[in-house]
Amino acid sequence: MRRGRRIAVDVGDARIGVASCDPDGVLATPVETVPGRDVPAAHRRLKAIVDEYEPLEVVVGLPRSLSGGEGPAAAKVRAFAQEMAKNITPVGVRLVDERMSTVTATQGLRASGVRSKKGRSVVDQAAAVVILQSALETERASGRPPGESVEVVI
């Protein structure tokens, strides 16, 4: 397991959930919800978070269908991750499968008493936590970085 903090990003149309982990990669925790409708502003805020946290890498949840295919949402996230990689280089960006992360986050929040109307922005952060925790567990089990690397294209 590589040592270093990681940031996870759950990209949505309206909001972008952000989570971080400790330098040992043991526990993922929520950071904030970034407004997502103004994409340039969202990229600026994410760069500021990366500058503040100084992560080893950023993992971005890639929405796939239950069968594993990719649709328009995945194409949007790939483009977002590509732009983010350009903005935060030399920090690496990796795409990881995020299937069911929002469902898992919503169920966990509901079980802890958070209702959906109040918890919308919290759900995005919780989904980022689920994505990051899954990526950490994958790396711990396999000994390899999770998902696929986003190459910077200039």
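To be clear, the structure that these remarks concern was listed above.
It should be emphasised that the depicted structure is a prediction, and the values quoted were computed from it without experimental measurement.

Parameters and conventions
- Residues numbered from 1 in each chain as written.
- Predicted model: local features only at pLDDT ≥ 70, side-chain atom pairs only at ≥ 80, totals over all residues.
- Heavy atoms only, no water.
- Helix = DSSP H or I, 4+ residues; strand = E, 2+ residues; numbered from the N terminus.
- Buried < 20%, exposed > 50% of the residue type's maximum accessible area, 1.4 Å probe, protein only.
- Contact = heavy atoms within 4.5 Å.
- Areas by Shrake-Rupley, 256 points an atom, 1.4 Å probe, with all protein chains shown as cover.
- Core = buried A, V, L, I, M, F, W, Y, C linked by side-chain atoms within 4.5 Å.
- Salt bridge = Lys/Arg side-chain N within 4 Å of Asp/Glu carboxyl O.
- Polar contact = N/O pair within 3.5 Å; in protein donor to acceptor, adjacent residues only side chain to side chain.

1. Let's talk about the overall build of the protein chain
Part 1 of the reasoning: A tally of regular secondary structure across the protein chain gives four helices and six strands.
Part 2 of the reasoning: Its helices and strands in sequence order give the protein chain the pattern β-β-β-α-β-α-β-α-α-β, from N to C terminus.
Part 3 of the reasoning: By the burial criterion, 41% of the 154 residues in the protein chain qualify as buried.
Part 4 of the reasoning: Restricting to contacts in the protein chain with at least 6 residues of sequence separation, those with at least 24 account for 66%.
Part 5 of the reasoning: Only carbon and sulfur atoms are counted for the fraction: they give 54% of the accessible area of the protein chain, which is about 8,100 Å².

2. Considerations on the nonpolar core
Part 1 of the reasoning: Val-9, Leu-46, Val-58, Val-60, Met-84 and Val-93 are the most contacted members of the largest nonpolar core, which has 24 residues in total.
Part 2 of the reasoning: At the level of elements, strand E1 (6-11), strand E2 (15-21), helix H1 (39-53), strand E4 (57-62), helix H2 (72-88) and strand E5 (92-97) are the ones that each hand at least two residues to this core.
Part 3 of the reasoning: Ranked by residues supplied to this core, first place goes to H2 with seven residues.
Part 4 of the reasoning: Ignoring anything within four residues of it in the chain, the contact list for Met-84 reads Val-9, His-43, Leu-46, Val-50, Val-58, Val-60 and Val-93.

3. Overview of the pattern of salt bridges
Should the charged atoms of two oppositely charged side chains come close, the side chains can pair.
Part 1 of the reasoning: Counted under the stated rule, the structure contains 14 salt bridges.
Part 2 of the reasoning: Across the pair Arg-2 and Glu-57 runs a salt bridge, and its minimum N-O distance is 2.7 Å. With Arg-2 in the segment before E1 and Glu-57 in strand E4, the pair connects residues that are 55 residues apart, well separated along the chain.
Part 3 of the reasoning: In this structure, Arg-15 engages Asp-124 in a salt bridge whose closest nitrogen and oxygen atoms are separated by 2.5 Å. Taken as a pair, Arg-15 in strand E2 and Asp-124 in helix H4 (residues 116-142) lie far apart in primary sequence, 109 residues in all.

4. What about the side chain of Gln-133?
Part 1 of the reasoning: With respect to the element layout, Gln-133 can be found in helix H4.
Part 2 of the reasoning: By relative accessible area, Gln-133 is classed as buried at 18%.
Part 3 of the reasoning: A polar contact is formed between the side chain of Gln-133 and the backbone oxygen of Val-26, at a distance of 3.1 Å.
Part 4 of the reasoning: Here the side chain of Gln-133 touches Ala-28 through a polar contact of 3.0 Å, landing on its backbone nitrogen.

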